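What follows is each chain in one-letter form.
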Amino acid sequence: MKVCYLIQTHANPQQILRLVSTIRQSSDRAFILIDHDPTNCQLPVEPFQKFKDVTIINANKCVRGDFTLVQNYLDAVEWLLDRNIQFDWLTNLSGQDYPTQPLERIEQFLATTEYDGFLEWFDVLSPLSHWTLAEGQERYFYQYWRWEHSPSKWQMCLLVPLKKIVNRLQPYARINLAYGFAIGRRAPIIPFSQNFICYGGSHFKTLSRQCVEYLYRYTKEHPDLVEYYAKTLNSDESYMQTVLVNSRQFNLCNANKMYVDFSQTRYGRPKVLTVADYASLTTPEYHFARKFDLATDSAILDRLDSLVLR
């Protein structure tokens, strides 16, 4: 049984190196694929060459809130399949994630589980949604045009009241300022129905090879759905859930095994974890946690290393 760890990165080379080193020391059979967006910083290859089965590929520029994160994931899957890289499970992480259990224990769990995948999902229009009904509809029932430049402070001062007026007075158009300036119109044809529900959830997940191959094939066979999602907001928090859960082909566990704390944050960014969070994130239900920052608190990673590498 072999696990592939797909690490999607864009910054903090030192922290990426530490994550890879910990994974490699804790699991000698895993394959590690680093999908790095070099827009903000280059990732030097030399420090990673000492590790076996670690490969770095360049990702496309990732823009928060659009389809590029999903596309980079699918491109990485294509890279793995084209080269016939052997894996039974694919776990995707960011460069600011870290294991919270010994990987041998995690991989043994995956080798014996009855499930085909571990991911978070909910019907975005149901009372169980993590978002309001209005937010779920605004994300996935409108098609957006994005301004490629980030608004300045004075432009935002003008846009915020305009957004409130436009979004409150009518249902046909939306202005969104979460990731720059985006203006959308109600989609004339919506792909969702009672038989094809719009699901939401975290981008981070662990999928069996069967799920990964299905997701890849479905994407190739349904370019219309890809085109639709490419014009929505936060497609990385819906597209894969919608495809996999609606397939009804897999026994999926509605838990992605990732500890995240959103209680003290704004704009959808999770709290940076510290040693004060150690007890919460190392309970057996979690395999990984996010997010960490060496500059904020490196001691938490030292404590996790003592647990993961023991």
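Residues numbered from 1 in each chain as written. Predicted model: local features only at pLDDT ≥ 70, side-chain atom pairs only at ≥ 80, totals over all residues. Heavy atoms only, no water.

### A look at the pattern of salt bridges
By the definition in use, this model includes nine salt bridges. When the shortest N-O distance is used, the salt bridge between D277 and K271 registers 2.9 Å. We classify D277 as buried; its relative accessible area is 6%. Its relative accessible area of 16% is what places K271 among the buried residues. Bridged by salt links that share partners, the residues R18, D302 and D305 form one connected network. (Salt bridge = Lys/Arg side-chain N within 4 Å of Asp/Glu carboxyl O. Buried < 20%, exposed > 50% of the residue type's maximum accessible area, 1.4 Å probe, protein only.)

### What about helix α6 (residues 209–221)?
Relative to the 18 Å expected for 13 residues at 1.5 Å per residue, α6 spans 18 Å between its end C-alpha atoms, a close match to the ideal helical length. For α6, the full list of buried residues reads R209, C211, V212, Y214, L215, Y216, Y218 and T219. Residues of α6 that are buried in the fold lie against α2 (68–82), β4 (89–94), β12 (206–208), α7 (223–229), α8 (239–247) and β13 (252–253). (Helix = DSSP H or I, 4+ residues; strand = E, 2+ residues; numbered from the N terminus. Expected span 1.5 Å × (residues − 1). Contact = heavy atoms within 4.5 Å.)

### Observations regarding the nonpolar core
If you look at the biggest cluster of nonpolar residues, it comprises 51 residues, and the most contacted ones within it are L33, Y73, L80, L90, Y239 and L244. The set of elements that each furnish at least two residues to this core consists of β1 (3–9), β2 (31–36), α2, β8 (142–146), α6, α7 and α8. Of all the elements, α2 adds the most residues to this core, at seven residues. I23, A30, F48 and F204 belong to the second-largest nonpolar core, a separate cluster that totals 36 residues. (Core = buried A, V, L, I, M, F, W, Y, C linked by side-chain atoms within 4.5 Å.)

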